[in-house]
Every structure is written in C-alpha cells, then in structure tokens.
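# A closer look at the structure
Here is what each chain is made of, one letter per residue.
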Amino acid sequence: MPQPVPTSSLPTVLLTGFDAFGGDSVNPSWLAAKALHDDVVHGHRCVAAQLPTTFAGSEGVLLKLLRTHKPSLVICLGLAGGRPAFSLERIAINVDDARIADNAGAQPVDAPVAMRGPAAYFSSLPIKSMQQSLMTAGIAAEVSQTAGTFVCNHVFYLLMHTLKRQRNRSTRGGFVHLPYLPGQGLPCMPLQDMVRGLRLAVACALVTKQDAVIGAGALN
Ligand code: PCA
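## Quick look at the side chain of Gln 184
- By secondary structure assignment, the location of Gln 184 is in the loop between β9 (172–178) and α5 (191–207).
- Looking at Gln 184, the relative accessible area reads 18%, which means it is buried.
- Engagement of the side chain of Gln 184 in a polar contact is seen with the side chain of Asp 24, the distance being 3.4 Å.
- In this structure the side chain of Gln 184 is engaged in a polar contact, spanning 3.1 Å, whose partner is the backbone oxygen of Val 26.

Okay, structure coming up:
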C-alpha cells in the first residue's frame, strides 16, 4: 500500500492576513487566510499567518515567514472597506502615505517603502486568470490598479522587493484585497465566499504559468 505523503514535506503556499485596524474588531483577510491553514491545494500545503497592521512591524514578520517556509507561492491579503469584490492588485508602489495611524500609532507621509527601491513592482500572480476563475464560480472579482498607500501596499511592495532579490526567483507573489464582512460595512461578502474564492485563487495561481490575455473590458 502506498503511504500517504506527510503534508509537512509538501511545497508551501504562504497566505497572510492582517489583524484588525482602524476601529474594526475583525479583519476578514485574517479569517479567510486562517480558514485555509493546512489545506492541501494541487499538492501544496497552505500556511496561514497573521501580520500586524503596522508599517514597522509587518516587514520583520513577513521576512521571517519567507525564510521559514520558503513558499512557492505567496498571497498576502488585506481588507479594503468600500470595495465590492476580490481586488486582485496589479501594482505595488514605493510610497507610504497614511490617511490614518497604523496599530502602533505611526502615520508616515510621502515616505518611501524602500529607500533605493524602484518606483513600483507588478504582481507576479496571474491576476486576469484568477479574476476569470473567481467570476466563473460566481464570486465578484476585479483587477485593481492600486493597493493604496497604507500598510497593505507597504507589505505588497516589500514582498515583491524581496522576491525580486532572491537567488531563486521562482516564488510568485502578490496581494489581494477583500471587502467587508456582513455587519462590518457595505458592500460586503460572506466569509464563506471569501474562503471559496481564496481557494480558487490559490489553485489558479498554482496551475497558471502564463496569465490569460484578456482585455479588462471583457471581464467586467
Ligand atoms: N487593510 C489595510 C491595512 C490592513 C488591512 O487589512 C490596507 O488596505 O492598507
């Protein structure tokens, strides 16, 4: 009888979510990531971890997670209250410009994320294919051209900056914003759909080597 492969030996997918911020008591990004912890998708084990919603603290936690798990895929998640759909972020920019203070009270204005970094990085996730996969499953999804200039963009930029400088450039990564949960604000999406959508997004990213060439208009 073939023995089952222990999941600890599988390549990993790192999923991060943030703690609550800005007066909210929950953050759907963490609840969705956590729900997939230890799940196996296309032969990869999902590892979920929480990042603090702080400019200063998020970097160290993210870098340690990348070193520890050496993931083949990284999807960082955050809440974008007011957006109606999975926001598949296209671009991370080298700017911290906070409208509110982070959870440590820091509120940088017009500061670079990385002093000598380039102006921006593109996501290396197949965002158009992911959008198509989610929409086919009846889950609202859109490609977003801005992850803002708060802690989510900061983490997205640091992720891409770090992956770019790794000797092994095979790790793909990017950022996805989620809407409010029901009861948290409007528009909202049930957690169940977020979890189902995240699983589909992971599966799509793992099997899609070349993103689909689909004009934005065709999907919206
Ligand atoms: N959303 C914030 C930071 C943490 C989160 O979940 C943002 O969009 O920057």
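Continuing now.
## Brief notes about the packing of helix α3 (residues 127–136) against α5
- For the pair α3 and α5, interaxial distance at closest approach is 9 Å and the crossing angle is 140°. By the criterion of interaxial angle, the relationship of α3 to α5 is oblique. With respect to the hand of their crossing, α3 and α5 are arranged in right-handed fashion. Here Ser 129, Met 130, Ser 133 and Leu 134 of α3 come into contact with α5, specifically with Gly 197, Leu 200, Ala 201, Cys 204 and Ala 205.
- When the residues that make up the contact of α3 with α5 are grouped by side-chain class, the tally is 6 nonpolar, 3 polar and no charged.

## Topic: the sheet that holds β9
- Reading across the sheet, the 7 strands line up as β2-β3-β1-β4-β9-β5-β8 and stay open at both edges, with mixed pairing between neighbours. In this open sheet, the two strands that pair with only one neighbour each are β2 (40–41) and β8 (141–144).
- Note that strand β5 (residues 86–89) and β9 share 2 bridges and pair antiparallel. The partner of Ser 87 across the bridge, within β9, is His 177.

## Considerations on the environment of Thr 149
- Secondary-structure assignment places Thr 149 in the loop between β8 and α4 (151–165).
- Given the relative accessible area of 24%, Thr 149 is considered partly exposed.
- Thr 149 sits 54 residues away from Val 95 along the chain, and the two C-alpha atoms are 6.1 Å apart.
- In contact with Thr 149, other than residues within four places in its own chain, are Phe 55, Ile 93, Val 95, Asp 96, Asp 97 and Ala 98.
- Within the local environment of Thr 149, its side chain forms a polar contact with the backbone oxygen of Asp 97, the two atoms lying 2.7 Å apart.

## A closer look at the site of the ligand
- Around the ligand sit Phe 18, Phe 21, Asn 27, Thr 53, Gly 78, Leu 79, Phe 150, Val 151, Cys 152 and His 177, and that is every residue in its neighbourhood.
- Contacts to the ligand include Leu 79, whose backbone N or O atom sits 2.8 Å from an oxygen atom.
- A distance of 2.9 Å separates an oxygen atom of the ligand from a polar backbone atom of Cys 152.
- Surface burial for the ligand is 94%, taken as the share of its 270 Å² of free accessible area covered by protein chains.
- Elements that contribute at least two residues to the shell around the ligand include exactly β4 (73–79) and α4.

## Quick word on the packing of helix α2 (residues 55–69) against α4
- Put simply, α2 and α4 touch, their axes get as near as 10 Å, and they point 35° apart. Seen from above, α2 lies across α4 with right-handed handedness. Along the contact surface, α2 presents Phe 55, Ser 58, Glu 59, Leu 62, Leu 63 and Leu 66, while α4 presents Val 151, His 154, Val 155, Leu 158, Leu 159 and Thr 162.
- Split by residue class, the contact of α2 with α4 holds 8 nonpolar, 3 polar and 1 charged.

## Re the nonpolar core
- If you look at the biggest cluster of nonpolar residues, it comprises 34 residues, and the most contacted ones within it are Leu 15, Leu 73, Ile 75, Phe 86, Met 130 and Val 202.
- In terms of residues, this core owes the most to one element, α5, which gives 9 residues.
- Ignoring anything within four residues of it in the chain, the contact list for Val 202 reads Val 13, Leu 15, Val 41, Cys 46, Leu 73 and Ile 75.

## Quick look at the environment of Val 13
- Its place among the elements puts Val 13 in strand β1 (residues 12–18).
- In the structure, Val 13 is positioned 163 residues away from Val 176 in sequence and 14 Å away in space, judged by C-alpha atoms.
- Setting aside its immediate chain neighbours within four residues, Val 13 contacts His 44, Arg 45, Cys 46, Val 47, Leu 73, Val 202 and Leu 206.

Criteria and cut-off values
- Residues numbered from 1 in each chain as written.
- Predicted model: local features only at pLDDT ≥ 70, side-chain atom pairs only at ≥ 80, totals over all residues.
- Heavy atoms only, no water.
- Helix = DSSP H or I, 4+ residues; strand = E, 2+ residues; numbered from the N terminus.
- Buried < 20%, exposed > 50% of the residue type's maximum accessible area, 1.4 Å probe, protein only.
- Polar contact = N/O pair within 3.5 Å; in protein donor to acceptor, adjacent residues only side chain to side chain.
- Axes fitted to C-alpha atoms, helices over the stretch in contact; angles between N-to-C directions.
- Parallel < 35°, antiparallel > 145°, perpendicular 65-115°, else oblique.
- Left-handed = near helix turned anticlockwise from the far one by under 90°.
- Contact = heavy atoms within 4.5 Å.
- Nonpolar A, V, L, I, M, F, W, Y, C, P; charged D, E, K, R; others polar.
- Pairing = 2+ DSSP bridges.
- Near = heavy atom within 4 Å.
- Areas by Shrake-Rupley, 256 points an atom, 1.4 Å probe, with all protein chains shown as cover.
- Core = buried A, V, L, I, M, F, W, Y, C linked by side-chain atoms within 4.5 Å.

Geometry only, nothing functional implied.
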